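Residue strings, one per chain:
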Amino acid sequence: MENFFSVLGGMGTMATESFIRLINHRTKATKDQEYLNYVLFNHATVPDRTAYILDNKKENPIPYLLDDIEKQNLLKPNFIVLTCNTAHYFFDELQAMTDIPILHMPREAANELIRQNTSGKVAILGTEGSMKAGIYEKEVKKLGFDVVIPDHQLQAKINHLIYHDIKESDFLNKELYYAILEEAIERFDCEKVILGCTELSLMQEYAPENNYPVIDAQSILADRTIERALQNRETIFYN
């Protein structure tokens, strides 16, 4: 297969399925051959990223991820899409292992704030690992925005939704999701909320009929992936 990208996913699997669905549904195609070429690494057995960030005595995910990069080096995709937000904690180490560009989901989401002419405070929602590592906070602050990180009370609700409801029970808890968004906006007086976890993006896909001002990082990544894949296709076609 020529002219393709690879998706490094499986963290978690249902969220990766959501990303692939976005890619396929948003690609303008009238026949099979107009869809995008890609390879999916659904590496579900990668150790928990948050567990390691919070306690580095836990099993380290990086050897698993580096092995995935090594395999993708053999395949030689045009670019790599890393669909796990928390795994971006290891981004620099992963990118150093390959000449193939890896799309940076938090950076793309932060850039979207500028595209949408954001001026007020920005709340970042994600796993405790992402929050501790400052994966999104760094990117958003670079652009000059005031950042709000969930306090213990709100983070506990986010953890419950991500781990207990979605990952453990496959339950898309719309009521809790909306309550989290409302609290981030009303109690913390934020103009925008970044969904910095793919399980939260999965919730947004499932329950989009709301007026909350969210920046869905996975949705933004899907758009950038399609744009880049189509640009590569046109470059090869015209050359």
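For clarity, every value in this text was computed on a predicted model and none was experimentally measured. Each chain carries its own residue numbering, running from 1 in the direction its sequence is written. Local features in a predicted model are, by the rule used here, given only for residues with pLDDT of at least 70; side-chain atom pairs are given and counted only at 80 or more, and totals for whole chains, interfaces and linings are based on all residues. Excluding hydrogens and water, the side-chain figures rest on all heavy atoms present in the structure.

1. A closer look at the packing of aromatic side chains
Pairing of aromatic rings covers Phe, Tyr and Trp, the last counted by its six-membered ring, and requires centre-to-centre distances within 6.5 Å; plane angles under 30 degrees mean stacked, over 60 mean edge-to-face, and any other angle means tilted. By the definition in use, this model includes 6 aromatic pairs. Centre to centre, the rings of Tyr-89 and Phe-90 are 5.1 Å apart; their planes meet at 85°, and the pair counts as edge-to-face. Classification of Tyr-89 by relative accessible area gives partly exposed; the value is 43%. With centroids separated by 5.8 Å and ring planes inclined at 40°, the aromatic side chains of Tyr-177 and Tyr-178 adopt a geometry described as tilted. Using a 1.4 Å probe on the protein chains alone, a residue whose accessible area is under 20% of its type maximum counts as buried, one over 50% counts as exposed, and one in between counts as partly exposed. Take Tyr-178: its relative accessible area is 17%, and that puts it in the buried class. Three or more aromatic residues joined by ring pairs make a cluster, and in this case those are Phe-5, Tyr-38 and Phe-79.

2. Looking at the environment of Arg-187
Only DSSP runs of H or I covering at least 4 residues are called helices, and only runs of E covering at least 2 are called strands; the numbering of each starts at the N terminus. Summarising the element assignment, Arg-187 is placed in the loop between helix H9 (174-186) and strand E7 (192-195). The contacts of Arg-187, once residues within four sequence positions are left out, are Asp-151, Gln-153, Leu-154 and Glu-182. As used in this structure description, the phrase polar contact means that two N or O atoms lie within 3.5 Å; if the pair is within protein, one of them must be able to donate a hydrogen and the other to accept it, and residues adjacent in sequence are counted only when both atoms belong to side chains. Side chain to side chain, Arg-187 and Asp-151 meet in a polar contact 3.0 Å long. Of note is the side chain of Arg-187, whose polar atom sits 2.5 Å from the side chain of Glu-183. Between two residues, a contact is recorded if the distance between any of their heavy atoms is within 4.5 Å.

3. Overview of the sheet that holds strand E2 (residues 38-42)
If you trace the 4 strands from one edge of the open sheet to the other, you get E2-E1-E3-E4, paired in parallel fashion. In this open sheet, the two strands that pair with only one neighbour each are E2 and strand E4 (102-103). Strand pairing requires that DSSP identify at least two bridges connecting the strands.

4. Considerations on the sheet that holds strand E6 (residues 147-148)
Pairing is parallel in the open sheet, where 4 strands are placed in the order E6-E5-E7-E8. Edge positions in the open sheet fall to E6 and strand E8 (214-216), since each of these has one partner strand only. One ladder, built from 4 bridges, connects strand E5 (residues 122-125) with E7; its direction is parallel. Counterpart to Val-122 in the pairing with E7 is Lys-192. Packing of H9 onto the sheet brings it into contact with E5, E7 and E8, and relative to E7 it is tilted by some 135°. Every axis in this analysis is a line fitted to C-alpha atoms, fitted for helices over the stretch in contact. Angles between the N-to-C directions lie between 0 and 180 degrees.

Function cannot be inferred from these measures alone, as they are strictly geometric.
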